[in-house]
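# Working through the structure, step by step
So you can see what is in the structure, the chains are spelled out below.
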Amino acid sequence: MLPLAITAGEPAGIGPDLCIQLAQKGFAEPIVMVCSSSLLQDRAEALGLPLVTELWTPGSAATCKPGHLSVYPVSLDDTVEPGILSAENANYVLKTLTLAAEGCINGLFSGMVTAPVHKGVINDAGIAFTGHTEFLQELCNVDRVVMMLASEQMRVALVTTHLPLADVSAAITKPLLRQIITILHHDLVTKFGIAQPKILVAGLNPHAGEGGHMGMEEIDTIAPVLEEFREQGMTLIGPLPADTLFTPRWLADTDAVLAMYHDQGLPVLKYQSFGSAVNITLGLPIIRTSVDHGTALDLAGTGKADTGSLEQAIKSAALMAGLSGGALSAT
Ligand SMILES: NC(=O)C1=CN([C@@H]2O[C@H](COP(=O)(O)OP(=O)(O)OC[C@H]3O[C@@H](n4cnc5c(N)ncnc54)[C@H](O)[C@@H]3O)[C@@H](O)[C@H]2O)C=CC1
Ligand SMILES: NCC(=O)COP(=O)(O)O
């Protein structure tokens, strides 16, 4: 059974804490931490939790014993103080992601689960980086991936991800929409086992453009692409006004919502499920899941961080990798 890789994320954030907290009760599947071993040991000490780290080398067995973590070690470039960012550790963070993703591609890991990184401090180090999603798209050499967050109640996928709001309208083109809908539909069928997914598609403008009086993107771009896919047999509803599509009547029997931009879709999901939802990258040749929250620098080293989302992210990755039984119906 190939282990799952977990990257501990920003070293000054809560990623290391969450992994150590979860390790206390052990894991259902073999786990390899891709991070600094001394970081884990120092953070365990700060949290007052027992931890034994074991060196993992490619091909060796990984532990899932309570209080133990197997570590594929990556050296930090700077000392770490919980809650205090250092741009000097930006390359370390990206190295953990690269090693984990390459390990998935090369058959060392069955999938990767990522704890949160701090995008800003990586940019402060002079490195162009907008998120794991875009980084893994490039590393895996694929044209397009889709960010989807899933909770027990809903799945929300995004057409655009990490870009300024001022650039969103221009980014929403027919070719992009075609790629996103193709990946979303394909992965709902193949990864989630939904034979005929029903997808609600949001408009971009208030009231989905109010018939062209409040914006033309729905008429010029979104509706024609939806019509093309409907003609191929997909169940796509929209473009719908985003303010009312997230209501129980619309969401009943819906498999996913496609939002046009990050803060159109994610606040709704997080209002309902923050702390237990999972971020899944669709369209990659590898399995990648992540938490629904950020680095929470205010909580690093305090023991107050909630492990719920990381636990769900690991469960989802294990299900997708076939390491555990069950259906991926919710997350
Ligand atoms: N998967 C990833 O790598 C993600 C990274 N981020 C990054 O995280 C950094 C900080 O982002 P923020 O917007 O401040 O969001 P955040 O999620 O780090 O924090 C927002 C609030 O939620 C609380 N919180 C977050 N996770 C928690 C947990 N597990 N348990 C209890 N409380 C928790 C924090 O204490 C804070 O009050 C940014 O650089 C952002 O880009 C944000 C989202 C996802
Ligand atoms: N809001 C989700 C988020 O920022 C995480 O993005 P990514 O790092 O998973 O691409």
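Residues numbered from 1 in each chain as written. Chains lettered and ligands numbered in written order. Predicted model: local features only at pLDDT ≥ 70, side-chain atom pairs only at ≥ 80, totals over all residues. Heavy atoms only, no water.

In spatial order, the strands read 3-4-2-1-5-12-11-6-7-10-8-9; together these twelve strands make up an open sheet with mixed pairing. The open sheet has two free edges, formed respectively by strand 3 (52–55) and strand 9 (235–240), since each of these has just one partner strand. On average, adjacent strands in this sheet sit at an angle of 30° to one another, irrespective of strand direction. Of the pairings in the sheet, the one linking strand 7 (residues 155–158) to strand 10 (residues 256–259) comprises three bridges and is parallel in character. When the bridges of strand 10 are listed, Val156 appears paired with Val257. On top of the sheet, helix 3 (residues 90–105) reaches strand 1 (4–7), strand 2 (31–35), strand 4 (68–73) and strand 5 (111–114); it is set at about 155° to strand 5, its chief contact. (Pairing = 2+ DSSP bridges. Helix = DSSP H or I, 4+ residues; strand = E, 2+ residues; numbered from the N terminus. Axes fitted to C-alpha atoms, helices over the stretch in contact; angles between N-to-C directions. Contact = heavy atoms within 4.5 Å.)

Time to look at the environment of Thr133. Mapped onto the elements, Thr133 comes out in helix 5 (residues 132–139). Taking the C-alpha atoms as reference, Thr133 lies 21 Å from Leu297; in sequence the two are 164 residues apart. Setting aside residues up to four positions removed in sequence, Thr133 forms contacts with Val145, Met147, Thr281 and Arg288.

Another point: the pairing of strand 5. For a regular strand, side chains alternate in direction, first toward one face of the sheet and then toward the other. Burial along strand 5 is two-sided: Gly111 and Val113 and Met112 and Thr114, pointing in opposite directions, are all buried. Sheet topology note: the strand 1/strand 5 ladder contains four bridges and is parallel. Residue pairing across strands places Leu4 opposite Gly111, the latter belonging to strand 5. (Buried < 20%, exposed > 50% of the residue type's maximum accessible area, 1.4 Å probe, protein only.)

In this section: the site of ligand 1. Around ligand 1 sit 16 residues in total, of which Val117, Gly294, Ala296, Asp298 and Asp306 are the nearest. Between ligand 1 and His293 there is a distance of 3.4 Å, counted from a nitrogen atom to a side-chain nitrogen or oxygen. At a separation of 2.9 Å, an oxygen atom of ligand 1 approaches a polar side-chain atom of Asp298. Contact with the protein chains covers 65% of the free accessible surface of ligand 1, which is 810 Å². Residues that form the shell around ligand 1 fall into these classes: seven nonpolar, six polar and three charged. (Near = heavy atom within 4 Å. Polar contact = N/O pair within 3.5 Å; in protein donor to acceptor, adjacent residues only side chain to side chain. Areas by Shrake-Rupley, 256 points an atom, 1.4 Å probe, with all protein chains shown as cover. Nonpolar A, V, L, I, M, F, W, Y, C, P; charged D, E, K, R; others polar.)

The predicted structure's coordinates, where accompanied by low pLDDT, should not be read in detail. On average, residues of the protein chain score 96 in pLDDT, and 98% of them reach the 70 mark or higher. Interface scoring of the predicted complex returns ipTM 0.98; its pTM is 0.96. (pLDDT = per-residue confidence, 0-100.)

Going through the model one piece at a time under the given rule, you end up with four aromatic pairs. Looking at Arg249, its charged tip hangs above the ring of Trp250, at a distance of 5.1 Å from the centre. (Phe/Tyr/Trp six-rings, centres within 6.5 Å; stacked < 30°, edge-to-face > 60°. Lys NZ or Arg CZ within 6 Å of the ring centre and 35° of its normal.)

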